[in-house]
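Breakdown of the fold
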Amino acid sequence: MEKDVAGKLGELAEACRKKRISELKEMGEDLAEEAFLKNEPRLLDSVIVAYAAAKFLEKPDVLRSPAWKPFFAELLEKIEGSAKALDNEPEYAYELLHAAVESIRRCRPSTTRR
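What you see is a predicted model, and the numbers here were worked out from it, not measured in a lab. Residue indices begin from 1 for each chain and proceed along its sequence in written order. At least 70 in pLDDT is required for a residue's local features to be given in this predicted model, at least 80 for side-chain atom pairs to be given and counted, and no such filter applies to totals for whole chains, interfaces and linings, which use all residues. Excluded from the side-chain calculations are hydrogens and water; all other atoms, namely the structure's heavy atoms, are used.

What follows is about the nonpolar core. One broad trend across soluble globular proteins is that nonpolar side chains are buried collectively. Throughout this description, the term nonpolar core refers to a set of buried Ala, Val, Leu, Ile, Met, Phe, Trp, Tyr and Cys residues connected via side-chain atoms within 4.5 Å. Using a 1.4 Å probe on the protein chains alone, a residue whose accessible area is under 20% of its type maximum counts as buried, one over 50% counts as exposed, and one in between counts as partly exposed. Counting 35 residues, the largest nonpolar core has L12, C16, L24, V49 and L75 as the members making the most contacts within it. Every element with two or more residues in this core is listed here: α1 (2-17), α2 (21-37), α3 (44-57), α5 (68-85) and α6 (90-112). It is α5 that provides the largest number of residues to this core, a total of 8 residues. Once residues lying within four places of it in the same chain are set aside, the contact partners of L12 are L24, M27, S46, V49, A50 and I79. Helix and strand assignments follow DSSP, with helices taken as H or I runs no shorter than four residues and strands as E runs no shorter than two, numbered in order from the N terminus. By definition, residues are in contact when any of their heavy atoms lie within 4.5 Å.

Here you go:
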């Protein structure tokens, strides 16, 4: 299972990097289905990351915010780290995903304010 999920997380990072909004939304749906079918609730953090990244990328005010670039770089780092760690350190990989969700939760108000 981890290899499939690691591949999907790698694709998630690539879609974020290339700012492919519709692809991120589709990935969120696919990852939600995977979490359900494999009874893996830890995958739900990847769903949140995919959907939140798509929503952030849709908002020009967010993209212009000075907080956006460092936040987005950190988010990508966590997604990529999670994908790389999944095969050998699955618990750490899922911790990184959860940390990405926590970053989104903390950063959202400051990146959307003018």
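Picking up where we left off.
Our focus in this paragraph is the confidence of the model for the chain. Across the chain, the average pLDDT comes to 89, with 91% of residues at or above 70. The predictor attaches a confidence to each residue, and that confidence, scored 0 to 100, is pLDDT. Per-residue pLDDT, averaged within each element of the chain, yields its smallest value for α6 (82) and its largest for α3 (95). Per-residue pLDDT stays below 50 along residues 109-114; that stretch engages in 10 contacts with residues further than four places along the chain or on separate chains.

Here we come to a negative patch on the surface. Together, E11, E26, E29, D30 and E33 make up a region of like negative charge exposed at the surface. Ranked by residue count, the leading element in the negative patch is α2, at 4 residues. Tracing the backbone shows E11 in helix α1. Two distance rules govern patches: like charges are joined within 9 Å, and nonpolar side chains (Val, Leu, Ile, Met, Phe, Trp, Tyr) within 5 Å, applied only to residues with over 30% relative accessible area and no salt bridge. The accessible surface values rely on the Shrake-Rupley method and a 1.4 Å probe; as for residues, cover is taken only from the protein chains in view. Salt bridge criterion: a side-chain nitrogen from Lys or Arg within 4 Å of a carboxyl oxygen from Asp or Glu. Positive charges come from Lys and Arg, negative ones from Asp and Glu, while His and the chain ends are left out of the count. Charged side chains are reduced to one point each, which is NZ for Lys, CZ for Arg, CG for Asp and CD for Glu.

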